[in-house]
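What follows is each chain in one-letter form.
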Amino acid sequence: MIVGERKPIGEIIGNLKAFQSVLILACGTCVTVCMSGGEKEARELAALLCLKGFTAQARVIERQCEPEFNLLLQEEIASYEVLLSLACGIGVQVLADGFPGKSVLPGLNTTFMGAPIRQGVWEERCSGCGDCTVHHFGNVCPITRCAKSLLNGPCGGSKGGKCEVKPERDCAWQLIYDRMNAQGRLEELLSIQPPKNWSSSRYGGQRKMFREDVTL
Amino acid sequence: MSLLEEILRKGFFAVTAEVGPPKGTERSVIEKKCLQLRGYVDAVNITDNQTAIVRLSSFASCLIARECGIEPVMQMVCRDRNRIALQSDFLGACALGIENILCLTGDHQSMGNHPQAKNVFDVDSVQLLSIFHNMCEKKVFENGENVKGEVRAFLGAGENPFADPMEFRVYRLAKKIKAGAQFIQTQAVFDVEIFARFMEEVRKMGLHEQAYILAGVIPVKSLQAMRYMENEVPGLVIPTHLLRRMEKSKDPKEEGVKICVEIIGELKKIEGVRGVHIMAIAWESIVPEIVTRSNLYPRPSREVE
Ligand code: SF4
Ligand code: SF4
């Protein structure tokens, strides 16, 4: 899922300085599951902003990243000065595309593509590199989970299973080693991984996908 | 052929040291350190923005070192440059006669003085070695296009026998040698026992015959410095008996030198160790004494030439 974190309230209020009435738009998908931009969070934020003197209302959109869902709230949207989106960065942009004349503000910091590892803790798992080779690494993605994205790790700073960069993080390469070892596949780690072709990743510029089989 | 390569090929026990460029433009800092080291070491490593702190570039510092009559080992890290810049600088080094190149991954920028920087890590140290190796041996760039002109280098890599997972370290070393490393400089050895076990694995795989292995050492000035290294330097292990020795000593500087000389003495006896790499960062002036007391002076440099 896409994981996000609500912006600090001070920043949100600062961004709303020029406005009086605000419609807070939760998103019913990823950010609901990661408890940062769902209906509950939107209602809480609306109550808080009302206390601060704003006219604030909360609504949920099923999936802000799909234009049709946003259009369902067309009328209500028209009656507010500004929209505060609690969706991920994709949702914010799709919402704004649907209402090009409208002021739209992000209410979340979209942080990463990741997974909950236990209640209240999420961890990044994928950088969307466009050429998935995670199976070569015991299904632990080194591009995302190693601080240096090493394909021939581990670096010289791995200690006690932890990463030298942030000792509270696991060293991805220790995880890779352990998994490959448990599967009896250590041999595979001995071959040199060649330089990666990053052109399919974000470094090749914005990506776009065409699929003739599903276009109308 | 670089002097370092020649010394190693001829079977002499090599001595290298390390010089960190200044956080500014004073070339005199490098000159002073190099003059202290000249004659006592075969080559000096010039660090590349070590610990991710901006310093005078390794490339420029290598040229300054050479002007001081000392052969440089140019360190190159993958943190700040992509394959385009790395290959370009490698060509530059070849064109200017900097022959020893040490390929490293590099410390993460979050540990340095510009933690907000974006990092690169387009390639890692193993891949960098293979790119440079192919430029030398096959005369091709990473993309397969031809390189024009003479491309020659003595390629090195680092390895840390003390980092985890320890069982994998020797295999990682093997990967680096397979990728093209001709010499290896290890992380500083304080625990000779662990290192000796590592070397045993190295010999079992015959790696000591495929690359020259220089064991790293660090002379330590004080107990605080030792504690700091134990806690702050990634992948450094210091046995408690050494900490205790420093603690008890009335003359910690002398004790630090003694420990270093003793370690060198033990390293010399380990089969497959072909030299030492003395990392006396901010204490370069002690290197001549260590080299002399380790019976490694005079250096064979002149005879080779
Ligand atoms: S290899 Fe690429 S696509 Fe696969 S998990 Fe890693 S970043 Fe994601
Ligand atoms: S310690 Fe492990 S995760 Fe951290 S940078 Fe090194 S190899 Fe990557």
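Bear in mind that the values here come from a model prediction, so they are computed numbers and not experimental data.

Peer 1: Help me understand the overall build of chain B in this model?
Peer 2: When helices and strands are counted, chain B shows 12 helices and 8 strands. In terms of overall size, chain B behaves like a compact globule, its C-alpha atoms giving a radius of gyration of 18 Å where 305 residues would be expected to give roughly 19 Å. Its C-alpha atoms put chain B at 60 × 45 × 45 Å along the principal axes. A burial count over chain B gives 58% of its 305 residues as buried. Sequence separation of 24 or more characterises 79% of the internal contacts of chain B that already satisfy a separation of 6 or more. With the model as given, the accessible surface of chain B reaches about 12,700 Å², and the carbon-plus-sulfur share is 50%. Here chain B carries 39 positive and 40 negative side-chain charges, and the mean point of each set is 1 Å from the other.

Peer 1: Honestly, the interface of chain B and chain A in this entry has me stumped. Any pointers?
Peer 2: Bring the parts together and some accessible area is lost; that lost area is often taken as the interface size. In this assembly, 33 residues from chain B lie in contact with 28 residues from chain A. Here chain B meets chain A over a buried area of about 2,500 Å², counting both sides, of which 55% is carbon and sulfur. Taken together, chain B and chain A are joined by 0 salt bridges. Scanning the region where chain B abuts chain A turns up 20 residue pairs in polar contact (both at pLDDT 80 or more).

Peer 1: How should the site of ligand 1 be read in this particular structure?
Peer 2: Near ligand 1, the surroundings consist of Cys126(A), Ser127(A), Gly128(A), Cys129(A), Cys132(A), Thr133(A), Cys141(A), Ile143(A) and Thr144(A). Classifying every residue of the shell around ligand 1 by side-chain character gives 5 nonpolar, 4 polar and no charged.

Peer 1: Any chance you could explain the site of ligand 2 here in plain terms?
Peer 2: All residues adjacent to ligand 2 are Cys146(A), Ala147(A), Lys148(A), Pro154(A), Cys155(A), Ser158(A), Cys163(A), Glu164(A), Cys171(A), Ala172(A) and Trp173(A). Class assignment for the residues of the shell around ligand 2 results in 8 nonpolar, 1 polar and 2 charged.

Peer 1: Looking at this model, I keep getting lost on the packing of helix H9 (residues 240–248) of chain B against helix H10 (residues 252–269) of chain B. Mind explaining?
Peer 2: Residues and elements named next belong to chain B. Between H9 and H10, the least distance of the axes is 8 Å, while the angle of their chain directions is 150 degrees. By the angle class used here, H9 and H10 are roughly antiparallel. Both H9 and H10 take part in a crossing whose hand is right-handed. Each of Leu-242, Arg-245 and Met-246 in H9 lies in contact with H10, whose residues at this interface are Pro-252, Glu-255, Gly-256, Lys-258, Ile-259, Glu-262 and Ile-263. Among the residues making up the contact of H9 with H10, the classes are represented as 5 nonpolar, 1 polar and 4 charged.

Peer 1: Explanation requested: the sheet that holds strand E1 (residues 2–6) of chain A in the structure shown.
Peer 2: Note on sheets: strands pair through backbone hydrogen bonds, and any given pair is parallel or antiparallel. Residues and elements named next belong to chain A. The strand order E1-E6-E7 describes an open sheet built from 3 strands, whose pairing is antiparallel. Each end of this open sheet is capped by a strand with a single partner; those strands are E1 and strand E7 (121–126). This sheet shows a mean twist of 70 degrees between the axes of neighbouring strands, independent of strand direction. As paired strands, strand E6 (residues 108–118) and E7 are joined by 5 bridges and run antiparallel to one another. Bridge assignment links Pro-116 to a residue of E7, and that residue is Trp-122.

Peer 1: Looking at this model, I keep getting lost on the nonpolar core. Mind explaining?
Peer 2: Soluble globular proteins: nonpolar side chains tend toward being buried together. Ranked by internal contacts, the top residues of the largest apolar core, which has 92 residues, are Phe90(B), Ile101(B), Phe132(B), Phe190(B) and Phe195(B). Membership of the second largest hydrophobic core comes to 22 residues, among which are Ile24(A), Ala26(A), Val31(A) and Ala87(A).

Peer 1: Please explain H10(B) as it appears in this structure.
Peer 2: An α-helical turn contains 3.6 residues, so any two residues separated by three or four positions project in the same direction. All names here are of chain B. The terminal C-alpha atoms of H10, which comprises 18 residues, lie 26 Å apart, in line with the 26 Å expected from a rise of 1.5 Å per residue. Turning to H10, its buried residues number three or more, namely Glu-255, Gly-256, Val-257, Ile-259, Cys-260, Val-261, Ile-263, Ile-264 and Leu-267. On its buried face, H10 is in contact with helix H7 (192–204), strand E7 (212–217), helix H8 (223–232), H9, strand E8 (273–278) and helix H11 (287–293).

Peer 1: Can you walk me through the pattern of salt bridges in this structure?
Peer 2: When the charged atoms of two side chains lie near each other, side chains of opposite charge can form a pair. Under the counting rule described, the total for this entry stands at 32 salt bridges over all chains. Measuring nitrogen to oxygen at the nearest pair gives 2.6 Å for the salt bridge that ties Glu39(A) to Arg43(A). Residue Glu39(A) and its partner Arg43(A) are both found in helix H3 (residues 39–51); the two are separated by 4 residues, about one turn of the helix. By relative accessible area, which is 38% here, Glu39(A) ends up partly exposed. Across the salt bridge formed by Arg79(B) and Asp80(B), the nearest N and O atoms sit 2.7 Å from each other. Given the relative accessible area of 3%, Arg79(B) is considered buried. Among the residues examined, Asp80(B) registers a relative accessible area of 40% and is labelled partly exposed. Each of Glu159(B), Arg169(B), Arg172(B) and Lys176(B) takes part in a single network of salt bridges with overlapping partners.

Peer 1: Can you help me understand the packing of helix H4 (residues 83–95) of chain B against helix H5 (residues 125–137) of chain B in this one?
Peer 2: For any two helices packed against each other, one specifies the crossing angle of their axes together with the interaxial distance. All names here are of chain B. As a packed pair, H4 and H5 sit with axes 11 Å apart at the nearest point and diverge in direction by 45 degrees. Between H4 and H5, the interaxial angle falls into the category oblique. Handedness of the H4/H5 crossing: right-handed. On the side of H4, the interface is formed by Arg-83, Leu-86, Gln-87, Phe-90 and Leu-91, while H5 contributes Leu-128, Ile-131, Phe-132, Met-135 and Cys-136. The class makeup of the residues in the contact of H4 with H5 is 8 nonpolar, 1 polar and 1 charged.

Peer 1: What should I look at first to understand the side chain of Glu164(A) in this one?
Peer 2: The topology assignment puts Glu164(A) in the loop between helix H7 (142–145) and helix H8 (172–182). Setting aside chain neighbours within four positions, we find Glu164(A) in contact with Lys148(A), Cys155(A), Gly157(A), His108(B), Met111(B) and Pro234(B).

Peer 1: Can you walk me through the packing of aromatic side chains in this structure?
Peer 2: Any two aromatic rings considered together are summarised by their centre-to-centre distance and by the angle between their planes. Evaluation of the coordinates by the stated rule reveals 9 aromatic pairs over all chains. Ring geometry for Phe137(A) versus Trp173(A): centroids 5.9 Å apart, planes at 85 degrees, classification edge-to-face. Taken as a pair, Phe137(A) in the loop between E7 and H7 and Trp173(A) in helix H8 lie far apart in primary sequence, 36 residues in all. Site record: aromatic cluster; members linked through ring pairs are Tyr177(A), Phe168(B) and Tyr171(B). Above the plane of the ring of Trp198(A) lies Lys196(A), whose end atom (NZ or CZ) is 5.8 Å from the centre.

Cut-off values and rules
- Residues numbered from 1 in each chain as written.
- Chains lettered and ligands numbered in written order.
- Predicted model: local features only at pLDDT ≥ 70, side-chain atom pairs only at ≥ 80, totals over all residues.
- Heavy atoms only, no water.
- Helix = DSSP H or I, 4+ residues; strand = E, 2+ residues; numbered from the N terminus.
- Rg over C-alpha atoms; globule rule 2.2 N^0.38 Å.
- Buried < 20%, exposed > 50% of the residue type's maximum accessible area, 1.4 Å probe, protein only.
- Contact = heavy atoms within 4.5 Å.
- Areas by Shrake-Rupley, 256 points an atom, 1.4 Å probe, with all protein chains shown as cover.
- Lys, Arg positive; Asp, Glu negative; His and termini not counted.
- Charge placed at Lys NZ, Arg CZ, Asp CG, Glu CD.
- Buried area = accessible area lost by both parts, 1.4 Å probe.
- Salt bridge = Lys/Arg side-chain N within 4 Å of Asp/Glu carboxyl O.
- Polar contact = N/O pair within 3.5 Å; in protein donor to acceptor, adjacent residues only side chain to side chain.
- Near = heavy atom within 4 Å.
- Nonpolar A, V, L, I, M, F, W, Y, C, P; charged D, E, K, R; others polar.
- Axes fitted to C-alpha atoms, helices over the stretch in contact; angles between N-to-C directions.
- Parallel < 35°, antiparallel > 145°, perpendicular 65-115°, else oblique.
- Left-handed = near helix turned anticlockwise from the far one by under 90°.
- Pairing = 2+ DSSP bridges.
- Core = buried A, V, L, I, M, F, W, Y, C linked by side-chain atoms within 4.5 Å.
- Expected span 1.5 Å × (residues − 1).
- Phe/Tyr/Trp six-rings, centres within 6.5 Å; stacked < 30°, edge-to-face > 60°.
- Lys NZ or Arg CZ within 6 Å of the ring centre and 35° of its normal.

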